[in-house]
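If you want the building blocks of each chain, they are given just below.
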Amino acid sequence: MRPLEPRRAYAVLAPGLLALALLSGCSSRPPAGAGGHAPPAPRARIVEPPPRYRVTLAASTLREDQRILHVLNRLGYGPRPGDLERVRQMGVERWIERQLEPERIPDTALEAALGDYPVLAMSAADLYRDYPPPRQQDVQRFQSGQMTPQEIREVFPPERRPAVINAQLQSAKMARAVLSERQLQEVMVDFWFNHFNVYALKGPVRWMTAAYEREAIRPHALGRFRDLVVATAHHPAMLYYLDNWLSTRDDLVVPGRGRRGLNENYARELLELHTLGVDGGYSQQDVVEVARCFTGWTIERPQQGGGYLFRPLAHDRNAKRVLGTTIPAGGGKEDGLAVIDLLARHPSTARFIATKLVRRFVRDDPPKALVDRVAGVFRKTDGDIRAVLVAIFTSPEFISADTYHAKTKTPLEVVTSAVRALDGRLEPPPAPGAPARVVGGGLTLARQVARLSAPLYEAQPPTGYPDVAEAWVNAGALLGRMNYALALAENRLPGVRTDVGRFLQGVDRRQPAALLDRIVSVVLQGEISASTRRVLVSQLDSPEIVRATADDRGPRNTDVEKLAALVLGSPEFQRR
């Protein structure tokens, strides 16, 4: 029997997929505490130095396997086949302690894969040199028809274009999310990049973004909050994105260029989005005063990938008053650092950051009592991010049955977790000169994330992408997720390889119910609600699932890829 075209296959399966999509939008979490798993195996003894941060999970009605799955889904990008057993053997609290100290975790497979993306280690200046913008005269000649497509490719070869930078960044991000053993570190890098967002396609920021993540975000993702603010405030990517590089004292006149002046963009977002929060108790005058403190923080040759530079002549040396605190006259660069110290230790900042982290790891509607406790830890530890995370992970709210499967996965999370669930393999990027149709697995996955409305490094507003279900749950988005699941399971994504069949050895292809049970066991570790199971079982007689026509009397040959796609589209998989 000739296989159906993908579009037609989806059309036939549409009723079932739609039913699952509808389920995805409702609260059909599997009953916590149900099911019959084997008792936990004895934990292996691992000799290592004592952890710096001890973790003891709160009491919970969740079974041990549910606790492990909850942790793997919240602190990482979901379990791979075998992860449940590995964490069970190690002990889930021990696993969390190791994730809090990622430098202890070998990550050789990822390190090897990242060697395919040279832009990750390059400075902005080197990227500008190797991936320069097109010359304006060439662009004009091409647009006017004086230059052919072949001629423009010769003077501006595709492999030397700036777009290569973002493609490699996106590919590497997907490789890290899929392959890294340091899952919590990758989650936190994504969290803080989103918190201190820059738009990679804004002018020269495209040459700065790799260094921004490498130098300002990644080293401090599990460090101290103040260090994150200092690093991002200094970085050319942030200075350019929020225009602070243009901000000067109001009375500055540059010979031949006229009067310059104050730009409040960075100051406003520093207060509203990076530290205090929109209701953090600041005024418009505070925005102005903070902007004055950061005058002179600029970039040397921003269009050529230059670095941070403080220009004393552009700085407002008069006294300022921020949130009731006077910053004396005569200061320089230190005025900005004084503001950061003030903001990083402000109670509103503690509450704002605690709220965002609790929303990320616990619920869309953060419990007030937990936010209060976490904010208290933030203040007490001077913004120690690891200590704050421990306060969240050890809270009763984090591990409660109500929290289990309470978060909807973002596009990045659903794309990554599906590959991990099927133990997918990412092929490296093609060598220079390969046909354009050949792409690596990382870039293919990044494009899937973009199709689900969250292109990596390309969130334009300073708010970054939202972290609540309502942003990602609608009919169009759920249809996109279903189509992605189908393409992944059917091996139709270039550079991404999956093999559903290898999980089904020993199961009769003529028995779709038995195959469904095995796939649910592999992808969902058996965690499925009765309502979802009923929807899935109702599809088992579909001609597209059993590969049979109405007059076909031959034996069934279950389409296990489509069956796997249905499970990936289930509410239980779309949630974490």
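Since this is a predicted model, take the numbers as computed values, not measurements. (Residues numbered from 1 in each chain as written. Predicted model: local features only at pLDDT ≥ 70, side-chain atom pairs only at ≥ 80, totals over all residues. Heavy atoms only, no water.)

(A) Layout of the packing of helix 2 (residues 64–75) against helix 4 (residues 92–99). Between helix 2 and helix 4, the shortest axis-to-axis distance is 10 Å and the interhelical angle comes to 15°. What the angle tells us is that helix 2 and helix 4 run roughly parallel. The handedness of the crossing between helix 2 and helix 4 comes out as right-handed. Every residue of helix 4 that contacts helix 2 at Arg-67, Ile-68, Val-71, Leu-72 and Leu-75 is listed here: Val-92, Glu-93, Trp-95 and Ile-96. Grouping the amino acids of the contact of helix 2 with helix 4 by side-chain chemistry returns seven nonpolar, no polar and two charged. (Axes fitted to C-alpha atoms, helices over the stretch in contact; angles between N-to-C directions. Helix = DSSP H or I, 4+ residues; strand = E, 2+ residues; numbered from the N terminus. Parallel < 35°, antiparallel > 145°, perpendicular 65-115°, else oblique. Left-handed = near helix turned anticlockwise from the far one by under 90°. Contact = heavy atoms within 4.5 Å. Nonpolar A, V, L, I, M, F, W, Y, C, P; charged D, E, K, R; others polar.)

(B) A look at unusual backbone geometry. The backbone of His-405 sits at a positive phi, close to 60°, despite the residue not being glycine. Tracing the sequence through the fold places His-405 in the loop between helix 19 (385–393) and helix 20 (411–421). Looking at His-405, the relative accessible area reads 7%, which means it is buried. (Buried < 20%, exposed > 50% of the residue type's maximum accessible area, 1.4 Å probe, protein only.)

(C) A look at the side chain of Thr-444. Within the secondary structure, Thr-444 is located in helix 21 (residues 441–451). A relative accessible area of 4% places Thr-444 in the buried class. Non-local contacts of Thr-444, meaning those with residues more than four positions away in its chain, are made with Val-439, Leu-493, Pro-494 and Val-496.

(D) The confidence of the model for the protein, seen in detail. The predicted model of the protein has a mean per-residue pLDDT of 91, with 90% of residues at 70 or higher. Counting interchain partners and residues more than four positions distant, the pLDDT-below-50 stretch residues 1–12 has 14 contacts. Confidence drops under a pLDDT of 50 for residues 33–37, and excluding neighbours within four residues, the segment shows ten contacts in the predicted structure. (pLDDT = per-residue confidence, 0-100.)

(E) Region of interest: the pattern of salt bridges. Applying the stated rule across the entire model yields 43 salt bridges. Among the ionic pairs, Asp-467 bridges to Lys-407, the shortest N-O distance being 3.5 Å. Placement of the pair is Asp-467 in the loop between helix 21 and helix 22 (475–489) and Lys-407 in the loop between helix 19 and helix 20, with a sequence separation of 60 residues. (Salt bridge = Lys/Arg side-chain N within 4 Å of Asp/Glu carboxyl O.)

(F) Fine view of helix 20. Of all eleven residues in helix 20, eleven are buried; the element is thus mostly enclosed. Asp-423, located one to two residues past helix 20, shows a positive phi value of around 55°.

(G) Region of the structure containing the nonpolar core. Ranked by size, the top nonpolar core spans 156 residues in total, and within it Ile-96, Met-188, Trp-192, Phe-294, Phe-361, Leu-389 and Phe-393 carry the most contacts. Examining the composition of this core, we find that eight residues originate from one element, helix 19, more than from any other. Setting aside residues no more than four positions away along its own chain, Trp-192 makes contact with Ile-217, Ala-221, Phe-225, Leu-228, Ile-353 and Ile-385. (Core = buried A, V, L, I, M, F, W, Y, C linked by side-chain atoms within 4.5 Å.)

(H) Fine view of the environment of Val-362. Relative to the elements of secondary structure, Val-362 occurs in the loop between helix 17 (347–361) and helix 18 (368–380). Overall, Val-362 belongs to the buried group, its relative accessible area being 0%. With 42 residues separating them in the primary sequence, Val-362 and Tyr-404 have C-alpha atoms 8.8 Å apart. When neighbours within four sequence positions are excluded, Val-362 is seen to be in contact with Arg-74, Pro-367, Leu-370, Ile-392, Glu-397, Phe-398, Thr-403 and Lys-407.

(I) Layout of the environment of Arg-268. As for its position among the elements, Arg-268 is in helix 14 (residues 265–275). Remark: the alpha-carbon pair of Arg-268 and Val-288, spanning 20 residues in sequence, is separated by 8.4 Å. Apart from the residues within four sequence positions on either side, Arg-268 is in contact with Leu-273, Gln-284 and Val-287. Of the polar contacts made by the side chain of Arg-268, one reaches the side chain of Gln-284; its length is 3.1 Å. (Polar contact = N/O pair within 3.5 Å; in protein donor to acceptor, adjacent residues only side chain to side chain.)

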